[in-house]
Amino acid sequence: MAAQGTKRLALDSNVLIDLAAEEDYAHTFREEFQQRGYSLWLPPTVAHELLHASETKSDPDAALAHSALVRSLDWQIFPIALSSLDVGIANLFARNLIHAGLLPAEECNDGLILAESSLAAIPILVSSDRHLLDIPEDGLLVRLNDADLAPVRVAHPKGLLKAVR
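Residues numbered from 1 in each chain as written. Predicted model: local features only at pLDDT ≥ 70, side-chain atom pairs only at ≥ 80, totals over all residues. Heavy atoms only, no water.

Caption draft 1: Main features of the nonpolar core. In terms of nonpolar packing, the biggest core is built from 48 residues, with Leu16 and Leu114 touching the most fellow members. The residues contacting leucine 114, other than those within four sequence positions of it, are Phe93, Leu97, Leu125, Leu132, Ile135, Leu140, Val152 and Val154. (Core = buried A, V, L, I, M, F, W, Y, C linked by side-chain atoms within 4.5 Å. Buried < 20%, exposed > 50% of the residue type's maximum accessible area, 1.4 Å probe, protein only. Contact = heavy atoms within 4.5 Å.)

Caption draft 2: Seen up close, unusual backbone geometry. Residue aspartate 59 is joined to proline 60 through a cis peptide bond whose omega torsion reads 5 degrees. Relative to the helices and strands, proline 60 is located in the loop between α3 (44-56) and α4 (61-71). Positioned with a positive phi, alanine 121 is a non-glycine residue whose angle comes to about 60 degrees. Within the fold, alanine 121 resides in the loop between α6 (108-119) and β4 (124-126). The phi dihedral of aspartate 148 is positive, around 60 degrees, even though this residue is not glycine. Its location among the elements puts aspartate 148 in the loop between α8 (137-146) and β5 (153-155). (Helix = DSSP H or I, 4+ residues; strand = E, 2+ residues; numbered from the N terminus.)

In structure tokens form, the structure reads like this:
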């Protein structure tokens, strides 16, 4: 596993799909933040989403998901390893977000990805997913704090690029 520096970002599946699709903004984002000393991390649920998409979607979506998984290490995006206890905590947290009305029931994976990022002590989850970006930050921080989890902010990759330029 890569060294765990203090400047770390977790990536949602849509960012990896955009990297695989050779979207300019996605590669600019990755290169800019890696040059700034950030390490990029792949939550387990994101890896599962990409694997599932590669096996069940039709081309070209399946090919993009497969490419994202295969090329993640080439892009120096490292998998987050969690214990079975961490997985249980993530599942409980995701259900709590849904119960609180912060996520729709069909977006359970988004709650898992937030919890996995928190459990890995990664303070920012980079995503272009509206369900994640639309969660009120105060509500999310209170729920994370209630669960004794580290704070996580959700940020759009283009917004982060604007912030550093």
